[in-house]
Amino acid sequence: MITPARLANGYREYSEHEARMVREARELNRLGIPAERTRPLLECLADGREHADDCPSSLAGYREAIDDLALRIEELTARRAVLIRHLHHAAATAAPTGPVLKGAP
């Protein structure tokens, strides 16, 4: 999507618009949106919009990222619950009179 010019020394030369798109792509990546899914948001900028989220297609990208995060949170929560059960079982087996660890239900 971004094809910067090359200088004689091989360095890439970005226009201000291209540099803005790169910054936006990096920020989206920091938010958990993989590079291959930033296209709708970057196309919005490429079309001359002021913000990457000024297009309806951007909303879909955000929704997908939120759905992905929700799924990951659910999976991590389930894994945490299993680990807590294992911890309680191990603590009860190893030291039946020992204290229950803080933060574990």
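Bear in mind the structure is a predicted one, so any value in this text is a computation, not a measurement.

Caption draft 1: Looking closely at the packing of helix H2 (residues 39–46) against helix H3 (residues 56–94). At a closest axis distance of 8 Å, the pairing of H2 and H3 adopts a crossing angle of 155 degrees. In terms of their interaxial angle, H2 and H3 are classed as roughly antiparallel. H2 and H3 meet at a crossing whose hand is left-handed. Between H2 and H3, the contacting residues are Pro40, Leu41 and Cys44 on the first element and Ser57, Ser58 and Tyr62 on the second. Of the residues contributing to the contact of H2 with H3, the split by class is four nonpolar, two polar and no charged.

Caption draft 2: Region of the structure containing H2. For H2, every residue scored as buried is listed here: Leu41, Leu42, Cys44 and Leu45. Projected down its long axis, H2 shows its buried positions confined to an angular sector of 145 degrees, all on one face. Each element contacted by the buried residues of H2 is listed here: helix H1 (16–30) and H3. Looking one or two residues beyond H2, the residue adopting positive phi is glycine 48, at roughly 95 degrees.

Scoring rules and cut-offs
Residues numbered from 1 in each chain as written. Predicted model: local features only at pLDDT ≥ 70, side-chain atom pairs only at ≥ 80, totals over all residues. Heavy atoms only, no water. Axes fitted to C-alpha atoms, helices over the stretch in contact; angles between N-to-C directions. Helix = DSSP H or I, 4+ residues; strand = E, 2+ residues; numbered from the N terminus. Parallel < 35°, antiparallel > 145°, perpendicular 65-115°, else oblique. Left-handed = near helix turned anticlockwise from the far one by under 90°. Contact = heavy atoms within 4.5 Å. Nonpolar A, V, L, I, M, F, W, Y, C, P; charged D, E, K, R; others polar. Buried < 20%, exposed > 50% of the residue type's maximum accessible area, 1.4 Å probe, protein only. Arc of directions from axis to C-beta.

So yeah, pure geometry; function would need other evidence.
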